[in-house]
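Secondary and tertiary structure notes
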Amino acid sequence: MSSCKSTSTPVDTKPKLGVAAGSPYKDPTHYRSLVGALQYLTFTRSDITYVVHQVRLFMHDLRVEHMNALKRIIRYIQGTLDYGLHLYPSSTSTLVSYTDADWGSCPDTRRTTSGYLHVSW
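So, a few notes on the structure that sits alongside this text. Remember, it's a predicted structure, so these values are computed and weren't measured experimentally.

About the cut-offs
Residues numbered from 1 in each chain as written. Predicted model: local features only at pLDDT ≥ 70, side-chain atom pairs only at ≥ 80, totals over all residues. Heavy atoms only, no water. Axes fitted to C-alpha atoms, helices over the stretch in contact; angles between N-to-C directions. Helix = DSSP H or I, 4+ residues; strand = E, 2+ residues; numbered from the N terminus. Parallel < 35°, antiparallel > 145°, perpendicular 65-115°, else oblique. Left-handed = near helix turned anticlockwise from the far one by under 90°. Contact = heavy atoms within 4.5 Å. Nonpolar A, V, L, I, M, F, W, Y, C, P; charged D, E, K, R; others polar. Buried < 20%, exposed > 50% of the residue type's maximum accessible area, 1.4 Å probe, protein only. Phe/Tyr/Trp six-rings, centres within 6.5 Å; stacked < 30°, edge-to-face > 60°.

**Thoughts on the packing of helix α1 (residues 28-41) against helix α2 (residues 49-56)**
Two elements in contact, α1 and α2, have axes whose closest approach is 10 Å; the angle formed by their N-to-C orientations is 155 degrees. As far as their axial angle goes, α2 and α1 are roughly antiparallel. When the axes of α1 and α2 are compared, the crossing they make is left-handed. For the pair α1 and α2, contact is made by Tyr31, Val35, Leu38 and Gln39 and by Val52, Val55 and Arg56, respectively. Of the residues that constitute the contact of α1 with α2, the class distribution is five nonpolar, one polar and one charged.

**Let's talk about the environment of Arg72**
Mapped onto the fold, Arg72 is located in helix α3 (residues 64-79). You can call Arg72 partly exposed: its relative accessible area is 22%. Sequence separation between Arg72 and Pro10 is 62 residues, and the spatial gap between their C-alpha atoms is 5.9 Å. With residues up to four places along the chain from it excluded, the contact list for Arg72 reads Thr7, Thr9, Pro10, Val11 and Asp12.

**Overview of the packing of aromatic side chains**
By the definition in use, this model includes one aromatic pair. A ring pair is formed by Tyr40 and Phe43, whose centres lie 5.8 Å apart and whose planes are at 90 degrees; its orientation type is edge-to-face. Residue Tyr40 shares its accessibility class with Phe43, and that shared class is exposed.

**Describing the environment of Lys26**
Positionally, Lys26 belongs in the segment before α1. Sequence separation between Lys26 and Arg63 is 37 residues, and the spatial gap between their C-alpha atoms is 8.3 Å.

Dropping the structure here:
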C-alpha cells in the first residue's frame, strides 16, 4: 500500500465495528502482523492509538470489515508521514496524558473505550 491514496482521518466516523460484522477474513496472520506493527508505531504516533486499539479488539475473530478499517489506518499514515512525537533526552520525570471519554460507544458491550492516564516515575 506504499502508493495508496491517503485519507484525512484514520477511522470512518459513522459505522462502529462489531464482532460479527460481515464475512470472515481469510488471512489472520497478515492482519495480526499489521496490527502489531501499528501498535509499535503508537509510541510516537498518539493520533492513531484509539483506532489501533479498536482493530486489536477483533484479532480473535477477524472479519473483512476489520481489515478494511486496518487499511484505512494505513492510508491515513500514508498521508501523514511527517506527524509524530519527536523523542529527545530530558530530565523530566513525570508524564501526564488526558483523553476524552466516549461513554457507551462499544457496540458489543456498551462500555467506554477510553479514559484517563497518569504515569510518573
